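In case you want the letters, here they are:
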Amino acid sequence: MAEEVLITPPGKITSFLRPMDSSKLKAIEEMNESPTHLTSSLLAVAFLTSFGSSMLYGYNLAVVNSPAVYIKDFYNRTSVSRNGTGLDGEALTLMYSLTVSVFAIGGLLGSLMVGMLVTRFGRKGTVVNSTVLVFIAGSLMGFSRICGSPEMVIFGRFVTGIHSGISLSVVPMYLGEIAPKNLRGFLGLVPSLFICAGVFSAQILGLHEILGKEDHWPLFLSLVVIPTFIQLMLLPWFPESPRYLLIEKHNVHATIIALKWYRAKCNIQSEIEEMQEEQRSLSSVETVSVWRLILDPLVRWQLLSVVVINIGMQLSGIDALWFYTNDIFRNAGIPEPEIQYTTVGTGAIEIIAGLIGCFTIEKLGRRPLIIGGFLVMGFCCAGITLSLVLQVHLPFMRYVSVGCVVGIIAGFCIGPAGVPFLITAELFKQSHRPAAYTVGGSLNWISNFTVGFVFPFLQMSAGSYCYLVFCCVCLAVAAFVFFVIPETKNKTFVEISQMFASKEAVPETQGLGHPDQLKLRKMNGYGTLENGSLEFDSSSSVP
């Protein structure tokens, strides 16, 4: 006989079961099995959070390239006005390098704060509250020339880095928790698409015909406040993450309201039951610290997976590629005045590749995109080395190197650019997710800073062969994902965690004495079933 389970407050299991006729059971099962459609509310939240937060990361990566000469000149003139002498070449390069690299230092600091912030303010609350950092940074950089203070530029870059470090982790976490399982991949890649759009926007606005002039560079740096202001005006009207409200705040009423806001259909019982199942599977509903996450043997493979894909994302050579792109285009015979437009073209390729990833991830899955992306990048890195070595004897190899640059960019944006952040959300349940994002985000920023610091020395010592290092990294990460990380498409967080469970699950038939008994098994620790169970037999049920 089929029974109907009522929604209960978190932490409590009800034994109040009542008979349900077969037609009603069939209707509910069909409704639960049918995929949830993309609603305007889900799409609006994905666009708002990505537009006002994730896009700023891409913008700040590229914004200092175009006005580099003008910023250095400002630093030099300020030194003359203060000290009577200008900066020598080494000191000027050091100050500009600090301006660029301090962004990554701020990002590392921001990523370390994620766990504390999302636990205290929630997912949406953290996104909204962190906007104050953008306004502070925009004001510092925008008024730096008027105040004659290079320190304002450097500190502004540091503050924008803190905001980006927070956003890179919190936005995918928020979207992953509000999305139904059949749309989690699509919504999870929206932030990476907007990161590409941010890079492209900085490349377009940095053209000499727009804001690439000497008088405009403070405005160019401070434009980040505009998308953040739009986000601040609109995002607070949307609900918090339903999972955060139910599992961490124990607020069933607010959870139901949030789910009704984000879903096209009013039947949300199955989703709440799935969240309650996840809550019961946790040894503690309190947020796990980074140290406890590292020591927890039940999530060792999940944690190792996050470490590998986040480090591999940065050590793939994508950041170093941008360092060498202009030289590759110059060697290919592209005239110097046209190189900036060619670079803008690579930004357009990023967006196209990101769109392909967004619209294919729910059909192909996570594994094909990230494995295929790293393989393409690995082969193209080897192709760049080959073309740079042979172009002295074979002039046409210059164009092969340009094609390899395009291939690396496309391969990165289709999968490795966004899937690592999505997988970090999917491999962990509610209590472990903030700490996992702290680990993944901090390693991402450390690797980013390391590549930027080490690559010039690697290039001097290895020459054209330096890209073989990145080739090996890409192929190694692709192999790790192929052998270790399972496909997570259309699976709940509980199902994903059980795929990594270190103990064998109790067979379904065990524990059901006869058809009228319902046995609810409790989880041991993190996603592992144990033999002990909580039983409610038919004698305790209410007819």
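Residues numbered from 1 in each chain as written. Predicted model: local features only at pLDDT ≥ 70, side-chain atom pairs only at ≥ 80, totals over all residues. Heavy atoms only, no water.

In the annotation of an unreviewed UniProt entry, the entry for the chain reads Solute carrier family 2 member 15a, and the organism field reads Oncorhynchus mykiss. Comment text from UniProt for the chain, heading Subcellular location (unreviewed entry), reads "Membrane". Looking at the Sequence similarities (unreviewed entry) heading of the UniProt record, one finds this comment for the chain: "Belongs to the major facilitator superfamily. Sugar transporter (TC 2.A.1.1) family." (UniProt positions renumbered as here; feature names shortened; annotations may be inferred.)

Participant: Please clarify how the overall build of the chain should be interpreted in this entry.
Facilitator: Scanning the chain for helices and strands turns up 24 helices and four strands. The 543 residues of the chain split such that 51% are buried. Taking all contacts inside the chain whose residues are at least 6 apart in sequence as the whole, residues at least 24 apart take part in 80%. When the accessible surface of the chain is split by element, carbon and sulfur atoms take 66% of a total near 23,100 Å². (Helix = DSSP H or I, 4+ residues; strand = E, 2+ residues; numbered from the N terminus. Buried < 20%, exposed > 50% of the residue type's maximum accessible area, 1.4 Å probe, protein only. Contact = heavy atoms within 4.5 Å. Areas by Shrake-Rupley, 256 points an atom, 1.4 Å probe, with all protein chains shown as cover.)

Participant: Sorry if this is basic, but what is going on with the pattern of salt bridges here?
Facilitator: Note that side chains of opposite charge can pair when their charged atoms are close. Under the defined criterion, the tally for this structure stands at 11 salt bridges. A salt bridge links Arg77 to Asp73, with the shortest nitrogen-to-oxygen separation between them at 2.9 Å. Highlighted residues: Arg77 and Asp73, both in helix 3 (residues 68-83), separated by four residues, approximately one helical turn. You can call Asp73 partly exposed: its relative accessible area is 31%. With a shortest N-O distance of 2.5 Å, Arg263 and Glu271 are connected by a salt bridge. Three or more residues joined by partner-sharing salt bridges are found here, namely Arg123, Glu177, Glu248 and Arg433. (Salt bridge = Lys/Arg side-chain N within 4 Å of Asp/Glu carboxyl O.)

Participant: What am I meant to see in the packing of aromatic side chains here?
Facilitator: The geometry of two aromatic rings is summed up by the distance between their centres and the angle between their planes. The full count for this structure, using the stated rule, is 12 aromatic pairs. A network of ring pairs unites the aromatic residues Tyr57, Phe103 and Trp445 as a single cluster. (Phe/Tyr/Trp six-rings, centres within 6.5 Å; stacked < 30°, edge-to-face > 60°.)

Participant: Please explain helix 9 (residues 184-205) as it appears in this structure.
Facilitator: Spanning 22 residues, helix 9 covers 32 Å between terminal C-alpha atoms, matching the ideal 32 Å at 1.5 Å per step. Along helix 9, the sharpest change in direction is near 25° and occurs at Val190; proline Pro191 comes one to four residues later. (Expected span 1.5 Å × (residues − 1). Bend = angle between axes of the 7 residues up to and from the residue.)

Participant: Would you mind showing me how to read the nonpolar core here?
Facilitator: If you look at soluble globular proteins, the nonpolar side chains tend to sit buried side by side. Core analysis: the largest hydrophobic core is formed by 121 residues, its most contacted members being Leu221, Leu293, Leu321, Ile384, Ile408, Phe428 and Tyr467. For this core, the element with the most residues is helix 8 (residues 150-178), which contributes 13 residues. With six residues, the next largest nonpolar core counts Leu246, Val252, Ile268 and Met275 among its residues. (Core = buried A, V, L, I, M, F, W, Y, C linked by side-chain atoms within 4.5 Å.)

Participant: I tried to follow the confidence of the model for the chain on my own but got confused; where do I start?
Facilitator: Residues shown with low pLDDT carry predicted positions that ought not to be read at fine detail. When pLDDT is averaged across the chain, the result is 80; 82% of the residues are at 70 or more. For the stretch residues 1-33, pLDDT sits under 50, and the model shows 53 contacts to residues farther than four places along the chain or on other chains. Residue range residues 502-543 is modelled with pLDDT below 50. Its contacts to residues more than four positions away, or to other chains, number 75 contacts. (pLDDT = per-residue confidence, 0-100.)

Participant: What is the right way to read unusual backbone geometry from this model?
Facilitator: Glycine aside, the phi torsion of most residues is negative, and most peptide linkages are trans. Positive phi, close to 60°, is recorded for His250, a residue that is not glycine. If you trace the backbone, His250 turns up in the loop between helix 12 (242-248) and helix 13 (252-262).

Participant: Would you take a moment to explain the side chain of Thr160 for this structure?
Facilitator: Relative to the assigned elements, Thr160 resides in helix 8. Taking relative accessible area as the criterion, Thr160 reaches 4% and is therefore assigned buried. In this structure the side chain of Thr160 is engaged in a polar contact, spanning 2.7 Å, whose partner is the backbone oxygen of Arg157. For Thr160, the residues in contact, after removing those within four places along its chain, are Asn60, Phe103, Ala137 and Met141. (Polar contact = N/O pair within 3.5 Å; in protein donor to acceptor, adjacent residues only side chain to side chain.)

Participant: Before we go on, may I ask you to explain the packing of helix 4 (residues 89-121) against helix 8 in this structure?
Facilitator: Axis angle and axis distance: for two packed helices, these are the angle between their axes and the distance between the axes, and together they describe the pair. Packing of helix 4 against helix 8 leaves a shortest axis separation of 6 Å and a crossing angle of 40°. Taken as a pair, helix 4 and helix 8 cross one another with a handedness that is right-handed. A breakdown of the residues in the contact of helix 4 with helix 8 according to their chemical character gives 19 nonpolar, 10 polar and one charged. (Axes fitted to C-alpha atoms, helices over the stretch in contact; angles between N-to-C directions. Left-handed = near helix turned anticlockwise from the far one by under 90°. Nonpolar A, V, L, I, M, F, W, Y, C, P; charged D, E, K, R; others polar.)

Participant: So what exactly am I meant to see when it comes to the environment of Gly407 here?
Facilitator: Relative to the helices and strands, Gly407 resides in helix 20 (residues 397-414). What makes Gly407 buried here is its relative accessible area of 15%. Put simply, Gly407 and Gly383 are 24 residues apart on the chain and 9.8 Å apart in space, counted from C-alpha to C-alpha.

Participant: Looking at this model, I keep getting lost on the packing of helix 6 (residues 131-142) against helix 8. Mind explaining?
Facilitator: Between helix 6 and helix 8, the shortest axis-to-axis distance is 8 Å and the interhelical angle comes to 160°. Between helix 6 and helix 8, the interaxial angle falls into the category roughly antiparallel. For the pair helix 6 and helix 8, the crossing hand works out as left-handed. Along its contact with helix 6, which presents Thr131, Leu133, Val134, Ala137, Ser139, Leu140 and Met141, the element helix 8 presents Met152, Val153, Phe155, Gly156, Arg157, Val159, Thr160, Ile162, His163 and Ile166. Looking at side-chain class alone, the contact of helix 6 with helix 8 contains 11 nonpolar, five polar and one charged residues. (Parallel < 35°, antiparallel > 145°, perpendicular 65-115°, else oblique.)

Participant: Quick question: what am I supposed to make of a nonpolar patch on the surface here?
Facilitator: Nonpolar side chains collect at one region of the surface, where Ile105, Phe449, Phe453, Val454, Phe457 and Met460 lie side by side and expose about 610 Å² of accessible area between them. Checked against the element boundaries, Ile105 lands in helix 4. (Patch = residues over 30% accessible without salt bridge, like charges linked within 9 Å, V, L, I, M, F, W, Y side chains within 5 Å.)

Participant: Teacher, can you tell me more about helix 4 here?
Facilitator: Each α-helix winds once per 3.6 residues, and so residues spaced three or four apart point in a common direction. An ideal rise of 1.5 Å per residue puts 48 Å on 33 residues; helix 4 measures up with 46 Å between its terminal C-alpha atoms. N-capping of helix 4 is provided by Asp88, with a side-chain oxygen placed 2.7 Å from the backbone N of Ala91. Gly122, located one to two residues past helix 4, shows a positive phi value of around 85°.

Participant: Explanation requested: the environment of Leu56 in the structure shown.
Facilitator: Tracing the backbone through its elements, the reader meets Leu56 in helix 2 (residues 40-62). In this view, Leu56 contacts Val134, His163, Ser164, Val224, Pro227 and Thr228; residues no more than four positions away in its chain are not counted.

Participant: I would appreciate a short explanation of the side chain of Glu248 in the present structure.
Facilitator: Position of Glu248 relative to the elements: it lies in helix 12. Within polar-contact distance, the side chain of Glu248 engages the side chain of Arg123 at 3.3 Å.

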